[in-house]
Amino acid sequence: MINEKQKELKSAANRLPTTPGVYIMKDKSGKIIYIGKAKALKNRVTQYFGSGNNHTEKVRQMVMNVDHFETILCDSEFEALILENSLIKQNQPKYNILLKDDKGYHYIHITDDRWKRIETAMQLGEKGEYIGPYYSAFVVRDTVETVRRTFRLPDCNRNFDTPSKPCLNYHIGLCEAPCKGKISLYDYNETVNAARDFIKKGNSEEMINSLSKRMEQAAENLEFELAARLRDRITAMRKLKEKQKVVMAPYPREDVFACAAIGETACVSVLIFKDSRLSDKQHYFIDGFSDKPSLYAEFLQQYYETHSDIPPRIVIDESPENEELLEQWLSEKSGKKSNFILPERGVQRELVAMCRDNAAQNLSMKTERSGREMAALNELAELLGMKNVPRYIESYDISHTAGQENVGGMIVFKDGRPFKAAYKRFKIKGFVGQDDYASMAQVLDRRFTEYENGEDEGFGHLPDLILLDGGKGQLSAVREVLSRHNISVPVFGMVKDSKHRTRAIACDGGDISIKQNRRAFTLVTAIQDEVHRFAITYHRQKRSKNMLSGELLSIEGVGKSRANALLKHFKTIKKIREASVEELTAVKGVTKPCAEAIYNFYRCNDK
């Protein structure tokens, strides 16, 4: 609903020119709460003060706090972009994306203890040797963890002068166990010094060759324990070298961006490659997420405003709004050409996937969902071309035996997991025989009729995505139903192969293969298996109940009402068969003659 203040603001916005410029939203105290740019000021600003149905919660909150706004006309959209960025940096408005740079310097500390240790440090202080400073905490943590594993150094705080039982790291080959006296103080500190050289020089072939010569010399001198340790160290360094090759970019310098989102919360991860190697990774949480293009348009400006090292290649999972403007701004800021790259295959595509997995993992920690679930939902949204991640997925299946006992099942996956409280069962009405298309259409028609009536709370939530067990026939039948109810929800089919395994997703343009998208494939398979299980279980229950009822109906004096009452009371035919006349007459509606007929029926048939 539009209040009087919003009507006043919309009226003022309607008087704006359709020229480029910057708009500045202020609250009652005159404080700037949001700054934006527009190619056509009138068109952009009026959108804020119309219906709020399409706004995110963050935008709705901002609009509610706007008392008045100001504008600055610009000669071009690019000039507006420059001005917007400058004003955001100066004023730090509450509702703009603000990337706070709260990083300090980080060091690698080699302690001055009798048994030296390698650890991370935020500042200079204790005695010992410090390597750094490093700007990235990720680099420091990763380096310390790497040298500990490569050189089999401890990560505990035990007193190694007092023997003790070694921990799991020793048993799995990650520690030399100085706590158990498995290595002398001299050899231990020599290993720490080698690790220090490794940190300073890197995992070079020169260092490996030097260690190989020392190993050969130790073997000639019959120092077999030393030779074995050097051999293990060389092996670990070679394995590390191979592992490092996996996380390499085919270009010397590039940044890789990917976004994972759930609801209105998003996480953007950045992988920074220098000299073709991963040198750093960062992540940022964004509230008020609506879609990737608009998020990136604002995020990338703020990110590169605080990061002066702008690469020539920016690899990203989706193009930002105003892509050409941003490329122009980045190129002018860095003094060299910068381009956005959307890879479709190969190593670059794999790096984007890895970046998205990082974003999903960080988001999972914030939303208390698993990183695998977040990655699967984001991968599915991308695969289906959906603007937002489908948090609430409904899936439908039809089950029958040769057209008998037709039933439908509806299951719900919420945030990547089964949400059994919302499951629904449908008994197909109005016809007998096999017609999966008509059955599916009836189920969806009844589901959305209940939604429109608003009486059943379980049907009150519109899904973000509908997945049908079936192909184009089911899709056509259901789309007609959605059109009739004026419901706009993405609908796709789940297609199986000859062995009843998930093969593809059906859409209007044909089948979408999903086997190459491992996480999305696993999620869709889980949904298809679960909806099939739910529907067929209901069908079997109906068929079993009718078979049991049929047996009871063959007894003189037992009609449908008495048969249902008996099954409800005793639960199984076995218990009815074993019941005495007195127990049978205890069932409401069962007379003594009827009970005797039931008793005699089963006694005679048991002979």
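Note: the structure precedes this text.
**Looking at the environment of V147**
Then comes step 1: For V147, the location among the structural elements is in helix α5 (residues 137–150).
Then comes step 2: A C-alpha to C-alpha distance of 9.6 Å links V147 and A194, two positions 47 residues apart in sequence.

**Focus on the sheet that holds strand β11 (residues 339–341)**
Strand pairs in the sheet, formed through backbone hydrogen bonds, run parallel or antiparallel to each other.
Then comes step 1: Pairing is mixed in the open sheet, where five strands are placed in the order β9-β8-β7-β10-β11. Single-partner strands in this sheet number two, and they are β9 (277–287) and β11. The sheet shows a mean angle of 20 degrees between the axes of neighbouring strands, taken without regard to direction.
Then comes step 2: By the bridge criterion, ten bridges tie strand β7 (residues 253–262) to strand β8 (residues 265–274) in an arrangement that is antiparallel.

**Some remarks on helix α14 (residues 436–453)**
Then comes step 1: Over its 18 residues, α14 extends 26 Å from the first C-alpha to the last, a length consistent with the 26 Å expected when each residue adds 1.5 Å.
Then comes step 2: Here α14 has its buried residues at S439, M440, A441, Q442, V443, L444, R447 and F448.
Then comes step 3: In this structure, the buried residues of α14 make contact with β12 (392–401), β13 (404–414), β15 (424–427), β16 (465–469) and α15 (472–485).
Then comes step 4: The first or second residue beyond α14 is G454, which carries a positive phi of 70 degrees.

**Quick word on the side chain of E254**
Then comes step 1: Along the chain, the position of E254 falls in strand β7.
Then comes step 2: For E254, the side chain forms a polar contact with the side chain of R313, separated by 3.0 Å.
Then comes step 3: Within the structure, E254 has its side chain in polar contact with the side chain of Q348 (distance 2.8 Å).
Then comes step 4: In contact with E254, other than residues within four places in its own chain, are A249, L271, I272, F273, P311, R313, V315, Q348 and L351.

**Regarding the sheet that holds strand β1 (residues 21–26)**
Then comes step 1: Overall, antiparallel pairing links the three strands, which are arranged β2-β1-β3 in an open sheet. Since the sheet does not close on itself, it has two edges, and those belong to β2 (32–38) and β3 (68–73), each with one partner. With strand direction ignored, the average angle separating the axes of adjacent strands in the sheet is 20 degrees.
Then comes step 2: Relative to β3, β1 runs antiparallel, the two sharing six bridges. Bridge pairing in β3 links K26 to H68.

**Structural notes on the side chain of N189**
Then comes step 1: Tracing the sequence through the fold places N189 in helix α7 (residues 185–201).
Then comes step 2: The exposure class assigned to N189 is buried, which follows from its relative accessible area of 14%.
Then comes step 3: Sequence-distant contacts of N189, that is, excluding residues within four places in its chain, are made with R114, W115 and K116.

**Describing the packing of aromatic side chains**
Then comes step 1: Applying the stated criterion across every chain yields a total of 18 aromatic pairs.
Then comes step 2: Pairing Y107 with Y130 gives two aromatic rings, centres 6.0 Å apart and planes at 85 degrees, and the pair type is edge-to-face. One end of the pair, Y107, is in strand β4 (residues 106–111); the other, Y130, is in strand β6 (residues 128–134), with 23 residues separating them in the sequence.
Then comes step 3: On the basis of relative accessible area, Y130 is assigned to the partly exposed category, the value being 22%.
Then comes step 4: Look at F257 and F299: their rings are 6.1 Å apart centre to centre, the planes differ by 80 degrees, and that puts the pair in the edge-to-face class.

**Quick notes on unusual backbone geometry**
Then comes step 1: Unusually for a residue other than glycine, N322 sits at a positive phi of about 55 degrees.
Then comes step 2: Locating N322 in the fold gives a position in the loop between β10 (313–316) and α11 (323–334).

**Side note on the pattern of salt bridges**
Then comes step 1: Scanning all chains against the criterion turns up 25 salt bridges.
Then comes step 2: D309 is the partner of K274 in a salt bridge, and the nearest nitrogen-oxygen pair spans 3.6 Å. Of the two residues, K274 is situated in strand β8 and D309 in the loop between α10 (292–305) and β10; the sequence distance between them amounts to 35 residues.
Then comes step 3: By relative accessible area, K274 is classed as partly exposed at 39%.
Then comes step 4: Among the residues examined, D309 registers a relative accessible area of 36% and is labelled partly exposed.
Then comes step 5: In this structure, E344 and R345 form a salt bridge, with 3.9 Å as the shortest nitrogen-oxygen distance.
Then comes step 6: E344 sits in the exposed class, given a relative accessible area of 63%.
Then comes step 7: We classify R345 as exposed; its relative accessible area is 64%.
Then comes step 8: Via salt bridges that share partners, R253, D255, K274 and D309 belong to a single interconnected network.

**With respect to the pairing of β16**
Then comes step 1: For β16, a buried count of five out of five residues is recorded, marking the element as mostly surrounded by other parts of the structure.
Then comes step 2: Side chains of β16 alternate between two faces, with L465, L467 and D469 and I466 and L468 buried alike.
Then comes step 3: By the bridge criterion, four bridges tie β12 to β16 in an arrangement that is parallel. The partner of S395 across the bridge, within β16, is L467.

Basis of the calculations
- Residues numbered from 1 in each chain as written.
- Predicted model: local features only at pLDDT ≥ 70, side-chain atom pairs only at ≥ 80, totals over all residues.
- Heavy atoms only, no water.
- Helix = DSSP H or I, 4+ residues; strand = E, 2+ residues; numbered from the N terminus.
- Pairing = 2+ DSSP bridges.
- Axes fitted to C-alpha atoms, helices over the stretch in contact; angles between N-to-C directions.
- Expected span 1.5 Å × (residues − 1).
- Buried < 20%, exposed > 50% of the residue type's maximum accessible area, 1.4 Å probe, protein only.
- Contact = heavy atoms within 4.5 Å.
- Polar contact = N/O pair within 3.5 Å; in protein donor to acceptor, adjacent residues only side chain to side chain.
- Phe/Tyr/Trp six-rings, centres within 6.5 Å; stacked < 30°, edge-to-face > 60°.
- Salt bridge = Lys/Arg side-chain N within 4 Å of Asp/Glu carboxyl O.

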